[in-house]
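Chain residues, written in single-letter form:
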Amino acid sequence: MWGGRFAEGPAAVMREINASIPFDKRMWRQDIAGSKAHVAMLAQQGIVAAEDAAAIDAGLDAVAADYEANGVAEDLALEDIHMQTEAKLAALIGPVAGRLHTARSRNDQVATDFRLWVRDAIDQVLGALAALTDALLTRAEVHADAVMPGFTHLQSAQPVTLGHHLMAYVEMIARDVSRFRDARARMNLCPLGSAALAGTSFPLDRAMTAAALGFDGPTRNSLDAVSDRDFALDYLTAATQTALHLSRLAEEFVLWASQPFGFVALSDQWSTGSSIMPQKRNPDAAELVRGHAGRIMGCMTSLMVTMKGLPLAYSKDMQDDKPPVFECHDLLGLSIAAMTGMIASATFRTDRMRGLAESGFATATDFADWLVREAGLPFREAHHVTGRAVKRAEELGVRLDELPYAEFEAIDPRVNQSLYDVLSVDASVASRTSFGGTAPANVRAAIAAARESLR
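This is a predicted model, so every value here is computed, not measured.

Draft legend 1. Representation of the overall build of the protein within the structure. Helices and strands together make up the secondary structure of the protein, namely 18 helices and four strands. Against the globule reference of 23 Å for 455 residues, the protein gives a C-alpha radius of gyration of 30 Å, more extended than a compact globule. On the principal axes, the C-alpha backbone points of the protein span a range of 100 × 55 × 40 Å. The 455 residues of the protein split such that 48% are buried. Sequence separation of at least 24 residues holds for 76% of the intrachain contacts in the protein that already meet a minimum separation of 6. For the protein, the computed accessible surface area is about 21,100 Å², with 54% contributed by carbon and sulfur atoms. Between the mean site of the 43 positive side-chain charges and the mean site of the 57 negative ones, the protein shows a separation of 1 Å.

Draft legend 2. Region of interest: a nonpolar patch on the surface. Residues Leu197, Leu223 and Leu312 make up a contiguous nonpolar surface patch of about 270 Å² in total accessible area. Within the secondary structure, Leu197 sits in the loop between α7 (162-187) and α8 (206-212).

Draft legend 3. A look at the nonpolar core. Counting residues in hydrophobic clusters, the biggest one holds 75 residues, and the most contacted among them are Phe180 and Tyr235. Going through the elements one at a time, α6 (106-142), α7, α10 (230-257), α11 (284-307), α12 (322-345) and α18 (440-454) are the ones with two or more residues in this core. Once you skip the residues sitting within four places of it in the chain, Phe180 turns out to touch Ile122, Val125, Leu126, Leu129, Tyr235, Ala238, Ala239, Thr242 and Leu332.

Draft legend 4. Representation of the packing of α7 against α18 within the structure. Taken N-terminus to C-terminus, the directions of α7 and α18 make an angle of 30 degrees; their axes are 10 Å apart at the nearest point. Classified by the interaxial angle, the pair formed by α7 and α18 is roughly parallel. As for how α7 packs across α18, the hand of that crossing is left-handed. Along the contact surface, α7 presents Gly163, His164, Met167 and Val170, while α18 presents Val443, Ala446, Ile447 and Ala450.

Draft legend 5. Just the pairing of strand β2 (residues 155-161), in detail. For strand β1 (residues 147-152) and β2, the ladder comprises six bridges, and the chain directions are antiparallel. Pairing of Pro149 across the sheet is with Pro159, part of β2.

Draft legend 6. Quick peek at the packing of aromatic side chains. This model, assessed by the stated rule, comprises 13 aromatic pairs. Where Trp28 meets Tyr67, the ring centres are 5.5 Å apart and the plane angle is 65 degrees; that geometry is what we call edge-to-face. Of this pair, Trp28 sits in helix α3 (residues 28-44) while Tyr67 sits in helix α4 (residues 50-70); the two residues are 39 residues apart in sequence, bridging distant segments of the chain. With centroids separated by 6.0 Å and ring planes inclined at 65 degrees, the aromatic side chains of Phe151 and Phe261 adopt a geometry described as edge-to-face. Highlighted residues: Phe151 in strand β1 and Phe261 in the loop between α10 and β3 (264-265), separated in sequence by 110 residues. A residue is classified by how much of its surface remains accessible, and Phe151, at 28% relative accessible area, is partly exposed.

Draft legend 7. Just α3, in detail. Here α3 contains 17 residues, and its C-alpha end-to-end distance of 24 Å stays within 8% of the 24 Å for a straight helix at 1.5 Å per residue. Taken as a whole, α3 has its buried residues at Trp28, Gln30, Asp31, Ile32, Gly34, Ser35, Ala37, His38, Val39, Met41 and Leu42. Along its buried surface, α3 packs onto α2 (21-24), α4, α5 (81-93), α6 and α8. One or two steps after α3, the chain reaches Gly46, where phi turns positive at roughly 75 degrees.

Draft legend 8. Looking closely at the pattern of salt bridges. The tally for this structure, following the rule as stated, stands at 30 salt bridges. With a closest N to O distance of 2.8 Å, Lys36 and Asp61 form a salt bridge. Of this pair, Lys36 sits in helix α3 while Asp61 sits in helix α4, and the two are 25 residues apart along the sequence. Close ionic contact of Arg399 with Asp401 constitutes a salt bridge, the shortest N to O distance being 3.0 Å. Taking relative accessible area as the criterion, Arg399 reaches 28% and is therefore assigned partly exposed. Accessibility expressed as a relative area gives 26% for Asp401, which makes it partly exposed.

Draft legend 9. Spatial organisation of unusual backbone geometry. Here Leu312 and Ala313 are connected by a cis peptide whose omega angle stands at 5 degrees. By secondary structure assignment, the location of Ala313 is in the loop between α11 and α12. Phi at His153 is positive, roughly 55 degrees, even though this residue is not glycine. Inspection of the secondary structure assignment puts His153 in the loop between β1 and β2. Judged by relative accessible area, which is 76%, His153 ranks as exposed. Positive phi outside glycine occurs at Leu154, with the angle close to 60 degrees. By secondary structure assignment, the location of Leu154 is in the loop between β1 and β2.

Draft legend 10. Representation of helix α15 (residues 379-396). Across its 18 residues, α15 extends 26 Å between first and last C-alpha, which sits within 8% of the 26 Å expected from 1.5 Å per residue. Among the residues of α15, Ala382, Val385, Thr386, Ala389, Val390 and Ala393 are the ones counted as buried. Take α15 and look down its axis: the buried residues cluster within an arc of 145 degrees, on one side only. Across α15 from its buried face, at more than 90 degrees, point the exposed residues Arg380, His384, Lys391, Glu394 and Glu395. Considering only its buried residues, α15 is in contact with α14 (364-374) and α16 (405-411).

About the criteria used
- Residues numbered from 1 in each chain as written.
- Predicted model: local features only at pLDDT ≥ 70, side-chain atom pairs only at ≥ 80, totals over all residues.
- Heavy atoms only, no water.
- Helix = DSSP H or I, 4+ residues; strand = E, 2+ residues; numbered from the N terminus.
- Rg over C-alpha atoms; globule rule 2.2 N^0.38 Å.
- Buried < 20%, exposed > 50% of the residue type's maximum accessible area, 1.4 Å probe, protein only.
- Contact = heavy atoms within 4.5 Å.
- Areas by Shrake-Rupley, 256 points an atom, 1.4 Å probe, with all protein chains shown as cover.
- Lys, Arg positive; Asp, Glu negative; His and termini not counted.
- Charge placed at Lys NZ, Arg CZ, Asp CG, Glu CD.
- Patch = residues over 30% accessible without salt bridge, like charges linked within 9 Å, V, L, I, M, F, W, Y side chains within 5 Å.
- Salt bridge = Lys/Arg side-chain N within 4 Å of Asp/Glu carboxyl O.
- Core = buried A, V, L, I, M, F, W, Y, C linked by side-chain atoms within 4.5 Å.
- Axes fitted to C-alpha atoms, helices over the stretch in contact; angles between N-to-C directions.
- Parallel < 35°, antiparallel > 145°, perpendicular 65-115°, else oblique.
- Left-handed = near helix turned anticlockwise from the far one by under 90°.
- Pairing = 2+ DSSP bridges.
- Phe/Tyr/Trp six-rings, centres within 6.5 Å; stacked < 30°, edge-to-face > 60°.
- Expected span 1.5 Å × (residues − 1).
- Arc of directions from axis to C-beta.

Written out as structure tokens, the structure is:
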């Protein structure tokens, strides 16, 4: 490739450290697409003869068919997917293959291929997140009025519904989707034609190649175009936030599947056993999703550290931009698929959830609110009155709605029998009708809105 300048070939270790074909071969489809768009533009502009362009285009189709059938060989002497493709093309059509690289550099070529790959990756993630959202909505709809304890500090706080709890993750995923969509829109400019760093003297039609590859237009600065990896960092940032949300959901499944909680039973498909303890059903898929989140965060950090000190324009450090993105994409895809499968197949033990919601004085706030509405107490005073009632119920070993009326009267004479109307968990969740609240009617409305958005 650069034999005119160098008298000797690279050392064996140099050849190995310099080669990126073991990982960038994943971009062969994008490399073929970029090359076909480039040669078509060269022909239209009269830079390459039409018959040469036709031969190159047909040859690229043949190379693509070979890759599809046999995979991409890892020839370290050819370094990367770009040189691999050019060498195979030359073997097929002869010296005319050398015209393909007119008016481009591997710098703008790889920047284009990588953008195309990340754009395709985003589309795959968006499809997977749609399936995960659908699974959550389906289960939330079934359990829109199933009462469970809501927690703060992992302590029983107020009753909510399982549907409302699952819909919280629908909201998180909707934000993840918006981040990926924003990243896709922001990256959708084409670097091809920027050449090595300064542009080219050939009369290119960069708008043509951009349109052929589905970009909104060409990049505006050649230096930035070849050295920019913000699009990869945007992808990694969105993926990290998604992984964080998946990890939180996975952690809840781990807790809920444990015997002290007993809120969920995972199907055999998403559980494993123990090599020594026959009774075990381990939530390993959820634990691995939780673990993958840390690795995905590491991928983001890796590329940020690589890019933080690089001067313009291209440096070989940037060859290390792809492994963290590829690793992240694989891990994220597995994590989303695993959570989708777990949610769709899990058995939620709503009787257990309801029992714990009823046993943790979770309707104490409802009593305090009743004192404000019905007895006219300031909320702070109502809070203290309710605290004394909870303490008394705890001493007697009863639920708050089981505390005898005489006990309530002894605590505060301003109560009346209607307070019992608000002390059940069903009354509590039904009363939470403020926008975004846990009332079953709210949950069903939120599900309908989310389904409309998903469509």
